[in-house]
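These are the residues of each chain, in order.
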Amino acid sequence: MHHLVVDIVSFNILVDSIQSVWRQVNEQQVIRLPSKSHSFVQWSNALQDFANSNEYLRQIDYWKEFVGLTPLPLPRDEVTGINSVGSAAQLNICLSETTTSNMTRRIVKLGFSPKDILLCALVMSLAKYSGQSKILIELEEHGRDALGDEYDVGQTFAWFTKAFPLICNVPNDISPAA
């Protein structure tokens, strides 16, 4: 399955269903799959209704701030030389399981998710590397939660990925310990 056809959640739904059917057939059981959830059509119609709702229309001014914004290019280390996959280098840093576990526990105790911390590290690194204080990035998420709990698409096979811009203003005097 290609990501252009389905999201990773749908792929997992398919794999889980195939494994479940396979197990039930091997155990000579009646084949039962999980209950059907809302269809993609139902979900997309509800999303269209939301887009026309007062709740969304109150957010329009915020989203208009992003129209026409283009990210500033990142500086290049070297402007000459070969720029190919073959000339690329990687730097891999691994944290021990204990360090990772301790960091995760501390992060969660402070009310953050590991994703929040990784995003902050990315933004701070980009700001330091580029010398820019305003960092524009595009975030991508699975998108199945766009309408809250009202629409269950937990068993719906489709592509629900959502992408949205995020502007981060990084103070010039910030340090990693701050």
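Look above for the structure.
The following paragraphs examine the structure supplied in this document. All values reported here derive from a predicted model rather than from experimental measurement.

1. Looking at the overall build of the chain
Tallying secondary structure elements over the chain gives 6 helices and 2 strands in all. Helices and strands appear in the chain in the N-to-C order α-α-α-α-α-α-β-β. In summary, the chain has a C-alpha radius of gyration of 22 Å against a globular reference of 16 Å for 178 residues, an excess of more than 25%. Taken over the C-alpha atoms alone, the chain extends approximately 65 × 45 × 45 Å along its principal axes. For the chain, the residues scored as buried account for 16% of the 178 residues in total. Considering only contacts within the chain whose residues lie at least 6 apart along the sequence, 70% involve residues at least 24 apart. Entry remark: accessible area of the chain is about 14,300 Å², with carbon and sulfur atoms responsible for 58%. On the chain, the mean spot of the 14 positive side-chain charges and the mean spot of the 19 negative ones are 4 Å from each other.

2. Structural notes on the packing of aromatic side chains
Taken as a whole and assessed by the stated rule, the structure comprises 7 aromatic pairs. Arranged with centres 5.6 Å apart and planes meeting at 40°, the rings of Trp 63 and Phe 66 form a pair that is tilted. Its relative accessible area of 28% is what places Trp 63 among the partly exposed residues. On the basis of relative accessibility, which here comes to 13%, the residue Phe 66 falls in the buried class. Ring pairs connect the aromatic residues Phe 40, Trp 43 and Phe 160, which therefore count as one cluster.

3. Here we look at the pattern of salt bridges
Applying the stated criterion to the full structure yields 4 salt bridges. Where Lys 115 meets Glu 141, a salt bridge forms, and the shortest distance between an N and an O atom there is 2.8 Å. With Lys 115 in helix 6 (residues 114-130) and Glu 141 in strand 1 (residues 134-141), this residue pair connects regions lying 26 residues apart in the sequence. Judged by relative accessible area, which is 52%, Lys 115 ranks as exposed.

4. A closer look at the nonpolar core
Ranked by size, the top nonpolar core spans 7 residues in total: Val 123, Leu 126, Ala 127, Ile 135, Ile 137, Cys 168 and Val 170. Elements with a minimum of two residues in this core: helix 6 and strand 1. Top element by residues in this core is helix 6. It accounts for 3 residues. When neighbours within four sequence positions are excluded, Val 170 is seen to be in contact with Val 123, Ala 127, Ser 133 and Ile 135.

5. What to know about the side chain of Arg 144
Looking at the secondary structure, you find Arg 144 in the loop between strand 1 and strand 2 (162-169). Overall, Arg 144 belongs to the buried group, its relative accessible area being 9%. Of the polar contacts made by the side chain of Arg 144, one reaches the backbone oxygen of Val 153; its length is 2.5 Å. Polar side-chain contacts of Arg 144 include one of 3.0 Å to the backbone oxygen of Thr 156.

6. So, a nonpolar patch on the surface
A contiguous nonpolar patch, built from Leu 91, Ile 93, Leu 95 and Met 103 and spanning about 470 Å² of accessible area, is present on the exposed surface. Tracing the sequence through the fold places Ile 93 in the loop between helix 4 (60-64) and helix 5 (97-109).

What counts, and at which threshold
- Residues numbered from 1 in each chain as written.
- Predicted model: local features only at pLDDT ≥ 70, side-chain atom pairs only at ≥ 80, totals over all residues.
- Heavy atoms only, no water.
- Helix = DSSP H or I, 4+ residues; strand = E, 2+ residues; numbered from the N terminus.
- Rg over C-alpha atoms; globule rule 2.2 N^0.38 Å.
- Buried < 20%, exposed > 50% of the residue type's maximum accessible area, 1.4 Å probe, protein only.
- Contact = heavy atoms within 4.5 Å.
- Areas by Shrake-Rupley, 256 points an atom, 1.4 Å probe, with all protein chains shown as cover.
- Lys, Arg positive; Asp, Glu negative; His and termini not counted.
- Charge placed at Lys NZ, Arg CZ, Asp CG, Glu CD.
- Phe/Tyr/Trp six-rings, centres within 6.5 Å; stacked < 30°, edge-to-face > 60°.
- Salt bridge = Lys/Arg side-chain N within 4 Å of Asp/Glu carboxyl O.
- Core = buried A, V, L, I, M, F, W, Y, C linked by side-chain atoms within 4.5 Å.
- Polar contact = N/O pair within 3.5 Å; in protein donor to acceptor, adjacent residues only side chain to side chain.
- Patch = residues over 30% accessible without salt bridge, like charges linked within 9 Å, V, L, I, M, F, W, Y side chains within 5 Å.

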